[in-house]
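So you can see what is in the structure, the chains are spelled out below.
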Amino acid sequence: MPSIGENKCGLAASDFQKEVQGKRTDLFILRNSKGSEVAITNYGGALVSIMVPDRDGHFANIIQGHDNIQGVMSSPEPFLSTLVGRYGNRICKGRFTLDGKEYHLAINNGPNHLHGGPTGFHARVWEVLSTDGKSLKLRYVSQDGEEGFPGTLVMQVTYSLTEDDGLCIDYEGTTDKKTIVNMTSHGFFSLAGTANPTPSAMNCLCQINADYYLPIDETSIPTGVIASVKGTPFDFTTPHVVGERIDLPEEQLQHGAGYDHCFVLNKREPGELSFAVRVVEPTTGRTLEMYTTEPGVQFYTSNWSTGYGGQHGATFPRRSALCFEAQHFPDSPNHPYFPSVVLEAGQVYRQKTVYRFGIEK
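The structure reproduced in this document is the subject of the present report. Just so it is clear, the model here is predicted, and its values are computed rather than measured.

**A word on the pairing of strand S3 (residues 27-31)**
Point 1. Burial of S3 is extensive: 4 of the 5 residues sit out of reach of the surface.
Point 2. Across 5 bridges, S3 lies against strand S4 (residues 37-41) in antiparallel orientation. By the bridge assignment, Phe28 is partnered in S4 with Ile40.
Point 3. Taking the residues that link successive antiparallel strands as the turn, the S3-S4 hairpin has 5 residues, and the phi of Gly35 there is positive, at about 95 degrees.

Listed below in structure tokens is the structure:
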């Protein structure tokens, strides 16, 4: 593992090495020949640094995270740039029925279940299967009944950094009995670079390849309607400044305290790896493109961030990050016509999401 002087992110492996849950946590750094870096800890699979250049060639960290393992474990935002499972997003009242049996999950977001619960995959130490400086393969075995979910789920996640500055996240999971699975990565992207304070992300130009989105009720559960974005503040089919319409007196924006909605991605066929999102940060010229096999992306504008501290003295004010969480739809088990999140014994859960970083001159 490189010492603190040998990496751009300035993170020390020793600050991430601890015995937690009887397992060893550590820091892993992926690099490419362009000098870009991605730093990950196997606690929650959290992304703690992504170092990429701006239009002047200056490298900065563009992901919100912490600079030591204690910070990751006790973050005021428990899902800060972590892996999320077994079920990303919300399940209404923490209840769903599978084969006639009702399951009850933790209520940890108003009246609802969120992101796999308080001891979900974000709060677990993942086993390191392999790492070679270009990729990192992690595994977590979620036991039958953990957080209320049925079936023992074996999930593998591989992070890899490509030569064209793509961060690929590949998921593969199997279960020994029927269950529900909806994995995601909850990266809080700050393309201007993290700082004290981290600049607002509201001036970013954003395009989302979605003609429809899922309206939510006052507890952020989908109403069941699949609504057209046309003529609404949710129309990002052409690029719009994120902050341009976010504070309009519109019911959906009020329900989410801004954007916190699942967009239904335009797909020619289910499961294809296709374009989902493009973001341009105008001050630095940094760009983010997202491609995913998932049917949806949750767009969240960090509406509940409070200015808490992160790596190297950075602070994270409200709306200083954009989250694009590739996933199936929220509350899918309770909406039979949403794409299925059921995983049968013998089936393999697969997902691929790519975040590609670039520069617009």
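Next comes the rest of the account.
**Considerations on the environment of Leu98**
Point 1. Along the chain, Leu98 turns up in strand S9 (residues 95-98).
Point 2. Classification of Leu98 by relative accessible area gives buried; the value is 10%.
Point 3. Taking C-alpha positions, Leu98 is 43 Å from Gly358, a pair spaced 260 residues apart along the chain.
Point 4. Residue contacts for Leu98: discarding those within four places in its chain leaves Tyr103, Pro150, Lys178, Thr179, Ile180 and Val342.

**With respect to the state of the cysteines**
Point 1. The full count for this structure, using the stated rule, is 0 disulfides.
Point 2. Free cysteine Cys323: the closest other cysteine sulfur is in Cys206, separated by 12 Å.

**Points about the pattern of salt bridges**
A pair can form between side chains of opposite charge whenever their charged atoms are brought close.
Point 1. Under the criterion given, the structure shown has 16 salt bridges.
Point 2. Note that Asp260 and Arg90 form a salt bridge whose closest N and O atoms lie 3.5 Å from each other. Taken together, the positions of Asp260 in strand S22 (residues 260-264) and Arg90 in strand S8 (residues 90-91) put the pair 170 residues apart, joining distant regions of the chain. Arg90 matches Asp260 in its accessibility class, with the two residues each being buried.
Point 3. For Arg356, the salt bridge is made with Asp164, and the minimal N-O distance between the two is 3.1 Å. Remark: Asp164 occurs in the loop between strand S14 (153-161) and strand S15 (166-175) and Arg356 occurs in strand S30 (residues 349-359); sequence separation between them is 192 residues.
Point 4. What makes Arg356 partly exposed here is its relative accessible area of 28%.
Point 5. Beyond isolated ion pairs, a larger network of salt bridges with shared partners links Asp99, Lys178 and Glu344.

**Observations concerning the sheet that holds strand S5 (residues 47-53)**
Point 1. The 4 strands lie next to each other as S3-S4-S5-S6, forming an open sheet whose pairing is antiparallel. Across the chains shown, the open sheet's two edge strands, defined by having one partner strand only, are S3 and strand S6 (59-61). Mean inter-strand twist for the sheet, computed between neighbouring axes without regard to direction, equals 15 degrees.
Point 2. One ladder, built from 4 bridges, connects S4 with S5; its direction is antiparallel. Its bridge partner being in S5, Ile40 is matched across the sheet by Leu47.

**Details of the nonpolar core**
Point 1. Judged by nonpolar contacts, the single largest core of 58 residues is most densely connected at Met155, Tyr159, Ile208, Phe263, Phe299 and Phe324.
Point 2. The biggest single contributor to this core is S14, with 5 residues.
Point 3. With sequence-adjacent residues up to four places away left out, Tyr159 is seen in contact with Leu30, Ile40, Gly45, Leu47, Leu83, Lys134, Ser135, Leu136, Leu138, Leu167, Cys168 and Ile169.
Point 4. By size, the runner-up hydrophobic cluster in this structure holds 16 residues, among which are Cys9, Tyr43, Met51 and Ala123.

**Here we look at the packing of aromatic side chains**
Point 1. The tally for this structure, following the rule as stated, stands at 22 aromatic pairs.
Point 2. Seen from their ring centres, Phe96 and Tyr103 are 5.3 Å apart, and the 20 degrees between their planes marks the pair as stacked. Both residues of the pair, Phe96 and Tyr103, count as buried.
Point 3. Plain terms: the ring middles of Phe189 and Phe357 are 6.1 Å apart, the flat faces sit at 55 degrees to each other, and that makes the pair tilted.

**Notes on the environment of Ser190**
Point 1. Counting through the fold element by element, Ser190 comes out in the loop between strand S17 (184-185) and strand S18 (205-208).
Point 2. The spacing of Ser190 and Leu322 is 132 residues in sequence and 6.7 Å in space, taken between C-alpha atoms.

**Re the sheet that holds strand S25 (residues 296-300)**
Point 1. Spatially, S20-S19-S22-S25-S28 is the arrangement adopted by the 5 strands of the open sheet, whose pairing is antiparallel. Single-partner strands in this sheet number two, and they are strand S20 (227-228) and strand S28 (323-327).
Point 2. Pairing of strand S19 (residues 212-213) with S20 involves 2 bridges; the strand directions are antiparallel. Within the sheet, the bridge partner assigned to Tyr212 lies in S20 and is Ser228.

**Digging into the pairing of strand S24 (residues 286-292)**
Point 1. For S24, the buried fraction is high: 5 of the 7 residues fall into the buried class.
Point 2. Here 6 bridges tie strand S23 (residues 274-280) to S24, and the two strands are oriented antiparallel to one another. Bridge assignment links Val279 to a residue of S24, and that residue is Leu288.
Point 3. Hairpin connection, S23 to S24: the antiparallel pair is bridged by 5 residues, and Gly285 has positive phi, about 80 degrees.
Point 4. Two elements, S24 and S30, share 7 bridges in a ladder whose sense is antiparallel. Directly across from Leu288, in S30, lies its bridge partner Phe357.

**Looking at unusual backbone geometry**
Point 1. With an omega dihedral of 0 degrees, the bond running from Gly85 to Arg86 counts as a cis peptide bond.
Point 2. Note that Arg86 resides in the loop between strand S7 (83-84) and S8.
Point 3. A positive phi angle is found at Asp165, which is not glycine, with a value near 60 degrees.
Point 4. Checked against the element boundaries, Asp165 lands in the loop between S14 and S15.
Point 5. Judged by its relative accessible area of 6%, Asp165 is buried.

Conventions used here
- Each residue is numbered by its place in its chain's sequence as written, counting from 1.
- For a predicted model such as this one, the threshold for reporting local features is a pLDDT of at least 70, and the threshold for listing and counting side-chain atom pairs is 80 or more; totals across whole chains, interfaces and linings nevertheless cover every residue.
- The basis for every side-chain value is the complete set of heavy atoms in the structure, and neither hydrogens nor water enter the calculation.
- Between buried and exposed lies partly exposed: a residue is buried under 20% and exposed over 50% of the maximum accessible area for its type, with that area taken using a 1.4 Å probe on protein chains only.
- What counts as a helix is a DSSP run of H or I of at least four residues, what counts as a strand is a run of E of at least two, and both are numbered from the N terminus.
- Two strands are counted as paired when DSSP detects at least two bridges linking them.
- Contacts are assigned to residue pairs that have any heavy atoms within 4.5 Å of one another.
- Pairs of cysteine sulfur atoms within 2.5 Å are identified as disulfides in what follows.
- What counts as a salt bridge is simple: a side-chain nitrogen of Lys or Arg found within 4 Å of a carboxyl oxygen of Asp or Glu.
- Angles shown run from 0 to 180 degrees and are taken between the N-to-C directions of axes, each axis being a line fitted to C-alpha atoms and, for helices, limited to the stretch in contact.
- Working definition of a nonpolar core: buried Ala, Val, Leu, Ile, Met, Phe, Trp, Tyr and Cys residues. They are joined through side-chain atoms within 4.5 Å.
- Two aromatic rings from Phe, Tyr or Trp, using only the six-membered ring of Trp, form a pair when their centres are within 6.5 Å; if the ring planes differ by under 30 degrees the pair is stacked, by over 60 it is edge-to-face, and anything between is tilted.

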